[in-house]
Number of protein chains: 2
Amino acid sequence: MQQHILSPNFSVDCVVFGFDFENLKVLLVERTLDDKETGKALVKDHTLAGNHVFNDEDLDEAAARVLYDLTGLENIYLEQFHTFGNPDRLTKEKDIMWLESIGLNPENRVVTTAYYSLIRLNDVKIEEKGRRLVWHPVDKPIDLAFDHKIIISLALEALRTKIRTNPIGFELLPTKFTLSQLQKLYEEIFGVTYDKRNFRKKISRMDYLVPLNEKQKGVAHKPAQLFMFSKDVYEKTKKDFFDFTV
Amino acid sequence: MQQHILSPNFSVDCVVFGFDFENLKVLLVERTLDDKETGKALVKDHTLAGNHVFNDEDLDEAAARVLYDLTGLENIYLEQFHTFGNPDRLTKEKDIMWLESIGLNPENRVVTTAYYSLIRLNDVKIEEKGRRLVWHPVDKPIDLAFDHKIIISLALEALRTKIRTNPIGFELLPTKFTLSQLQKLYEEIFGVTYDKRNFRKKISRMDYLVPLNEKQKGVAHKPAQLFMFSKDVYEKTKKDFFDFTV
DNA sequence: ATTTTAAGTGTACAGAATACACTTAATTCT
DNA sequence: AGAATTAAGTGTATTCTGTACACTTAAAAT
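The structure displayed is predicted, hence computed values, not measured ones.

Parameters and conventions
Residues numbered from 1 in each chain as written. Chains lettered and ligands numbered in written order. Predicted model: local features only at pLDDT ≥ 70, side-chain atom pairs only at ≥ 80, totals over all residues. Heavy atoms only, no water. Helix = DSSP H or I, 4+ residues; strand = E, 2+ residues; numbered from the N terminus. Buried < 20%, exposed > 50% of the residue type's maximum accessible area, 1.4 Å probe, protein only. Contact = heavy atoms within 4.5 Å. Areas by Shrake-Rupley, 256 points an atom, 1.4 Å probe, with all protein chains shown as cover. Core = buried A, V, L, I, M, F, W, Y, C linked by side-chain atoms within 4.5 Å. Domains from an automatic or database assignment. Buried area = accessible area lost by both parts, 1.4 Å probe. Salt bridge = Lys/Arg side-chain N within 4 Å of Asp/Glu carboxyl O. Expected span 1.5 Å × (residues − 1). Axes fitted to C-alpha atoms, helices over the stretch in contact; angles between N-to-C directions. Parallel < 35°, antiparallel > 145°, perpendicular 65-115°, else oblique. Near = heavy atom within 4 Å. Polar contact = N/O pair within 3.5 Å; in protein donor to acceptor, adjacent residues only side chain to side chain. Least-squares fit on C-alpha atoms with pLDDT ≥ 70 in both.

(A) Focus on the overall build of chain A. Looking only at helices and strands, one finds 6 helices and 9 strands in chain A. Dimensions of chain A, computed from the C-alpha atoms along their principal axes, are close to 60 × 45 × 35 Å. The buried share of chain A, taken over its 246 residues, is 49%. A separation threshold of at least 6 residues defines the contact pool for chain A, and within that pool the share at least 24 residues apart is 73%. When the accessible surface of chain A is totalled, it reaches about 13,000 Å², and 48% of it is carbon and sulfur.

(B) Summary view of the nonpolar core. Membership of the largest hydrophobic core comes to 42 residues, with the highest contact counts inside it found for B:V15, B:F17, B:F81, B:Y116, B:L159 and B:L182. For this core, the secondary structure elements donating two or more residues are strand 1 (6-19), strand 2 (24-34), strand 5 (77-84), strand 6 (111-119), helix 3 (148-165), helix 4 (179-190), helix 5 (196-203) and strand 9 (225-229) of chain B. Two domains each put at least three residues into this core: domain 1 (6-165) and domain 2 (175-240) of chain B. If sequence neighbours within four positions are ignored, B:Y116 has contacts with B:V15, B:F17, B:Y77, B:L78, B:E79, B:F81, B:A155, B:A158, B:L159, B:K162 and B:I168. With 41 residues, the next largest nonpolar core counts A:F81, A:L156, A:L185 and A:F190 among its residues.

(C) Quick peek at the domain arrangement of chain A. Residue and element names in this part refer to chain A. Structurally, chain A comprises domain 1 (6-165) and domain 2 (174-240). Averaged C-alpha coordinates put domain 1 and domain 2 at centres separated by 30 Å. The interface of domain 1 with domain 2 comprises 14 residues on the first partner and 10 residues on the second. Of the roughly 1,100 Å² buried at the junction of domain 1 and domain 2 (both faces included), carbon and sulfur atoms supply 68%. For the pair domain 1 and domain 2, the number of links is 0 salt bridges.

(D) Just helix 3 of chain B, in detail. Under the 1.5 Å per step criterion, the end-to-end length of helix 3 of chain B is 26 Å for 18 residues, consistent within 8% with the ideal 26 Å. Inspection of helix 3 of chain B places B:H148, B:I151, B:I152, B:A155, B:L156, B:A158, B:L159 and B:I163 among the buried residues, and these make up the whole buried set.

(E) Inspection of the packing of helix 4 of chain B against helix 5 of chain B at higher detail. Residues and elements named next belong to chain B. Two elements in contact, helix 4 and helix 5, have axes separated by 11 Å at closest approach and are oriented at 100°. Here helix 5 runs roughly perpendicular to helix 4, going by the angle between their axes. Along its contact with helix 4, which presents L179, S180, L182, Q183 and Y186, the element helix 5 presents K196, F199, R200 and I203.

(F) Structural context of the pattern of salt bridges. All names here are of chain B. Considering all chains together, one arrives at 26 salt bridges over all chains under this definition. The residue K25 makes a salt bridge to D20 at a minimum N-O spacing of 2.8 Å. On the basis of relative accessible area, K25 is assigned to the buried category, the value being 16%. Residue class for D20 comes out partly exposed when judged on its relative accessible area of 24%.

(G) View of the protein's contact with DNA strand C. Around DNA strand C, a shell composed of 23 residues is seen, among which A:S180, A:K196, A:H221, A:Q225 and B:K201 lie nearest. Restricting attention to atoms of DNA strand C within 4 Å of the protein, one finds that 46% of them are sugar or phosphate atoms. The side chain of A:K196 places a nitrogen or oxygen atom 2.7 Å from a base nitrogen of DNA strand C. With respect to DNA strand C, the backbone of B:H221 contributes an N or O atom lying 3.5 Å from a base nitrogen. Elements that contribute at least two residues to the surface near DNA strand C include exactly helix 5 (196-203) of chain A together with helix 5 of chain B.

(H) Examining unusual backbone geometry more closely. Residue and element names in this part refer to chain B. Of note, the phi angle at F21 is positive, near 75°, even though the residue is not glycine. A relative accessible area of 25% means that F21 is categorised as partly exposed. Although it is not a glycine, F146 adopts a positive phi angle of roughly 45°. As for its placement among the helices and strands, F146 is situated in the loop between strand 7 (133-137) and helix 3.

(I) The arrangement of the relation of the copies chain A and chain B in detail. Its rotation angle being 180°, the transformation that places chain A on chain B also includes 0.0 Å of axial translation and leaves an RMSD of 0.1 Å. Each copy turns onto its partner about a two-fold axis. Both copies contact each other with a shared surface, as 100% of the interface residues of chain A are interface residues in chain B too.

Structural data, given as structure tokens:
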């Protein structure tokens, strides 16, 4: 097998979620194509972070590479959730124009395996490497390329399912966070609100949420206690996280 | 795009689950390759139900087609759960021999999208169409082709996750079933046992499990009440199925 | 010193999970 | 015909979890 050739048929797309304590956001890449003569924008919208897969590369590696190439970030939480292979998924007119403009054959069938990814927006600095990036609120409509709208909505569904039974929300928070931040995160993901006392009563059962000897600073109100998530404690007391029984 | 050509790069595999009131089983296809000279078996094991995808075919369609071609069954519950794209997934020696014997190039990278599928073993008659099929208990080891062992174990995990919050277990039971059969099904899927009274107390809250005016017949003990699952009732009372709250 | 802001805290009630053992109704056996 | 076998069917007490609900506190800003 020839090495390091981008396979024309396989791609990966990453739905990168971030949380800024206000909204759950998705990382989008700006896509523009201007008419060579008039200079008018023929295509102006957004795509997910995505690219083709190398011939000798696993899908998980490809997803991590795509993220690295776009943002410079490594060791990011990545979870495969669905593969989109509708033969018509690249046949909207503006997508055909776009593919031709970057030298790809729009006739060529591309099956894409989609991942979602969780990023600590507040701990982390993203370096734009070429493409213009925007963080966009998940629930706000925006014009998207290809079938990326449906990909995002399935990603959110997959995230909701996963986070019910796995402590992955902490991937979206700084390593030290307050309980109100944690609550707000869950509220944003599920699109609901919770009662503060009841929320705290519930999570106070979780030993792996450890209170630190440290408070919030510089806020114009009573400073909150800081917490961190202990993976160690979690691994040793796994049953406690939303355990299932029929 | 040329029509009805099997794409060399894409395949689908189906992990078909069935339940015989005793064990959760998987449908496997026998695979044998005999040495032309000695007649000795070079390869003798099992594969999942799978095949390549047509050029103009969606992945979901391909999975349904593969199932139909193998068993004659239609309108079967199918759920995509993972895509396997490790470049080395077809490089075990016996798999190379096998691929060559059926005229495929083992150098060719194949990414497979895996589905699991639920079948009412007791309502349904499978017609073998060519290939020899066996129903094998999920938890019993057996020699499997390619990466099909790991595919089955991820399928089971995906089924467990899905069935926690969705009433899909009924796809594995005949349309009329007893509560003991339902309990046994959950016990097999999760590899645990439940207390009979507590199990019944829990499911008695589910309005969509409707008791029929009919009893089991021909059993050498007190005959059980028969039940069915009402999709109608379920749709109208959805919240009741294992609802989540943080 | 006062205002503003979000943090932090307790109780009563209802519903769900869990532990646990005997009676009943059909077939089969003698 | 009677006895044995088999799985179905049923209730209660206790603990745990979910839910509804309002005031006090500590910091910064005015």
